[in-house]
Structures are given as C-alpha cells and as structure tokens.
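Structure at a glance
Listed below, chain by chain, are the residues.
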Amino acid sequence: MQNLLSGIKPTLLMGPGPSCVPDAVYKALAMPTLGHLDPYFIRIMDEIKEQLKTVMSTKNHLTMPMSGTGSAGMETCFVNLLEPKDKVLILINGVFGKRMQDLASRLGAEVDALEFEWGTPVLLDKVEEALKKNNYKVVAVVHAETSTGVCNPVKEIGELVAKSGALFLVDAVTSLGGMPVLTDEWKIDAIYSGTQKCLSCPPGLSPVSFSARAVETLKNRKTKVPNWYLDLTMIINYWEGQNRSYHHTAPINMLYALDAALSEILNEGLPTVYERHKKAHNELVTKLDALGLEMLVTPEARLPMLNAVKIPKKIIDAKSEANIRKRLLDEYNIEIGAGLGPLAGQIWRIGLMGHTARTENINTLCNALKTVLS
Ligand SMILES: *Cc1c(COP(=O)(O)O)cnc(C)c1O
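The model shown is predicted, which means the values in this text are computed figures rather than measured ones. (Residues numbered from 1 in each chain as written. Predicted model: local features only at pLDDT ≥ 70, side-chain atom pairs only at ≥ 80, totals over all residues. Heavy atoms only, no water.)

Another aspect to go through is the overall build of the chain. Helix and strand counts for the chain come out as 13 helices and 14 strands. The globule rule puts the C-alpha radius of gyration for 374 residues at 21 Å, and the 21 Å found for the chain is close to it. If you line up the chain on its principal axes, its C-alpha atoms span 60 × 55 × 40 Å. When the 374 residues of the chain are sorted by exposure, 56% land in the buried category. A separation of at least 24 residues holds for 73% of the contacts in the chain among residues at least 6 apart in sequence. For the chain, the distance from the average position of its 40 positive side-chain charges to the average position of its 40 negative side-chain charges is 2 Å. (Helix = DSSP H or I, 4+ residues; strand = E, 2+ residues; numbered from the N terminus. Rg over C-alpha atoms; globule rule 2.2 N^0.38 Å. Buried < 20%, exposed > 50% of the residue type's maximum accessible area, 1.4 Å probe, protein only. Contact = heavy atoms within 4.5 Å. Lys, Arg positive; Asp, Glu negative; His and termini not counted. Charge placed at Lys NZ, Arg CZ, Asp CG, Glu CD.)

The environment of the ligand is formed by 13 residues, the closest being Thr-69, Ser-71, Thr-146, Asp-171 and Lys-197. Here an oxygen atom of the ligand and a side-chain polar atom of Thr-174 are 3.0 Å apart. Within the side chain of Lys-197, an N or O atom sits 2.7 Å from an oxygen atom of the ligand. Burial of the ligand by the surrounding chains reaches 90%, relative to a free accessible area of 380 Å². Of all the secondary-structure elements, those providing two or more residues to the shell around the ligand are α3 (70-81) and α4 (95-106). Grouping the amino acids of the shell around the ligand by side-chain chemistry returns four nonpolar, six polar and three charged. (Near = heavy atom within 4 Å. Polar contact = N/O pair within 3.5 Å; in protein donor to acceptor, adjacent residues only side chain to side chain. Areas by Shrake-Rupley, 256 points an atom, 1.4 Å probe, with all protein chains shown as cover. Nonpolar A, V, L, I, M, F, W, Y, C, P; charged D, E, K, R; others polar.)

What follows deals with helix α7 (residues 212-219). Every buried residue of α7 is listed here: Ala-214, Val-215, Thr-217 and Leu-218. All buried residues of α7 project into a common sector of 155° when viewed along the axis, lining one side. The exposed residues of α7 that point more than 90 degrees off its buried face are Ala-212 and Lys-219. Next to the buried residues of α7 lie β2 (62-67), α3, β8 (167-171), β10 (205-210) and α8 (232-239). (Arc of directions from axis to C-beta.)

With numbering aligned to this structure, UniProt lists the feature "modified residue: N6-(pyridoxal phosphate)lysine" (unreviewed entry) at Lys-197. Looking at the element boundaries, Lys-197 is found in the loop between β9 (190-192) and β10. Filtering out sequence-adjacent residues up to four positions away, Lys-197 remains in contact with Pro-16, Ser-19, Val-173, Thr-174, Met-353 and Gly-354. (UniProt positions renumbered as here; feature names shortened; annotations may be inferred.)

A separate point is the domain arrangement of the chain. Segmentation of the chain into domains returns domain 1 (4-17 + 269-373) and domain 2 (24-266). For domain 1 and domain 2, the distance between their C-alpha centres works out to 27 Å. Contacts between the two partners involve 25 residues from domain 1 and, on the opposite side, 27 residues from domain 2. The contact between domain 1 and domain 2 buries some 2000 Å² in all, and 70% of this surface belongs to carbon and sulfur atoms. (Domains from an automatic or database assignment. Buried area = accessible area lost by both parts, 1.4 Å probe.)

Dropping the structure here:
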C-alpha cells in the first residue's frame, strides 16, 4: 500500500514550533511499545517526572506530562484550579494571553484582563495597581509570548502575586528548555509547557507542575473538575503511588520521546543549553541586521528562542510576505512563521528553539533569505 509518508522532506523548522528533533528522540519514538501498566514503563514515567522537575527547577510532587499539546496543559491548569465565579486576572500581551482569557471565561470564572501593547512586556506597576483593587484567586501570565517574541517579567510578577495571596499560573510553553524557568524560586503555583518548542520533541505532551498550595486548592474544591480527561484528582492515581491505576492509556511512545528529549537537555547541561540559545539569538540578530531587517521588540524584552522580525515595507506593499515564506519552504526546505492577530503581515517569527538553535541553521536561513529578498 502506497502512502504519502515516503514523500516527507526533512524541513529545517525555524518557526514558532515545532522545532528540529534530535535523532535520539526519533529513535526513542520507534522503541517497542510497552503496556501502560508494565512495571518497566512505570519506571520510565518516574524518570520523566524526575527529569521534568530538574528542567522546571521545582520540588513539586505533582509534576508530570499531560496527554495533549501545550493547550491541554493550559486547560489542565485552569480547569483544575478554577470554579464558577472565582476571580481571575489575566495579563495579556499576545495571542496566548488572549487564549487564557477565553479559556477562563468558558469555566464561568469572573475574568479581569489587563492588556498591554503587543510587542511590549507586562508592566509591573499596572499589575500592582490591579492587585490592590481586587482579591484574585488566580493571576495568569505567559512567560514567553510566542506571538510577539516578548519575555514577560515572571519573577517580578511572582513577587507581587505572592504578596496578594493569589495563585500564580504561568505559561512556559515556549520558554521551558530555552531559558531559565525557576518554578519554585519565582513562586509559581501552576505551570505548563509543551514538547515541540524548546524541548525539541514532536508535539503531543504538555508538562505540568502544581505547587503544594495549588494541590491544596484542588483538594478543597466544592465542585468536581468539569473536564473528565484532564482531572488531576484522577490522573495522579496513574502517575503517583505504589498502586498505579488506569485512567486513560498513556501515549507510551510519545513519553519515550519526552524522556529522551529531557535526557538530551540534561546531558548537555541547562546552563550550556541556555547559553546556546542566547548565542544563537545574537548571531541571528547580527545577520538580520546585515540584511537590513529589524527586530520588533526592544533588546531588554526580547526572547532568545522566538525572534519577531519586522517585514520591510516594500515587501508588505507588494503583498509578497507569504510568497517569501513559500519560497523558503519550497526552494530551501526552511519553515519560518507568519505574524498572528494584529501583527499578521507585519512580522515574521523566526524560531531558535531547542535543537534548532545552532549557528549552521542561522547561516542556512540567512543565506536563503538573502537570495529570496534580493
Ligand atoms: C505553542 C504555544 C501554546 C499552545 O501549544 P500547542 O502545543 O499549540 O497546543 C501555548 N502557549 C504558548 C506561549 C505557545 O507558544
């Protein structure tokens, strides 16, 4: 039987995710599938939890990957912590902050949104002001806003939120594995990530971690968690304890891949990995500058792993922005990302996530861009 798989061309993934996958991770995906309650597989689950704790800088007991992509992690955090009428504050400066607002609203929470200009970071004095006016149960923010390339000051926001007594919920989908994410030190109560960004694993799992306070909140709920699949009160019986019991069949081979991806990162060493991302970012900015391309975000607020590049006016006027991306993909097998929302058509998003963040990839992209833009 013929199918399309033999026609897949290796693509240099330099967009907002997925990122390039190391061979060790592909090999892990192809290992023999074990049963989801096989004792050897349970040892692998425990190894994943330990590795995740290290990468997330946390001692949180409840740290594990949820089945599903980053959005499943987002849903897990909100759905387990919120009950109808709970007051939530969402700090928004891009697509993923907006998504949090939508999600929290669907749960019947009372959602306040504090919006900041896209392409700029969350401002602390505005957060402090909002926290003085209201008592929130949860305050949520995106660490690395993938839609704009902005890094939000999570550590500083965490201090303000802790003083207010609210739970602090953080999206670390793009930041985890590419820059420090200090869950405990930054006083984060609920955090989620995704495998296909800086963890350099195919999409399909979402690491999540809950602090002791968040677990306490979960235990003291008055209502059942309204989503059966993501209900942590049930899922922990599969991920924790001596007698593991079935909840849903774990995506076994995806979990092998995550285990391998985390080992790759920890073997290279977290400081080395972060330094590689920074160095790659600096090289890219220098090379883009030489091509006459400017960055959207000011240097202090820039993410290393997601680079928002302003599209030159002559290209916007010629309506050829999509054509440039198409040529990169068709002629060079390189993928970069388009702008989203108000930034659609205004920026390109160049990812330097995980395994992608290497000099040779930057050279390949910039050489191709040079030809395509001339
Ligand atoms: C990609 C991303 C998500 C959503 O993850 P999916 O894997 O696409 O579901 C959420 N938040 C941020 C910041 C992201 O970059």
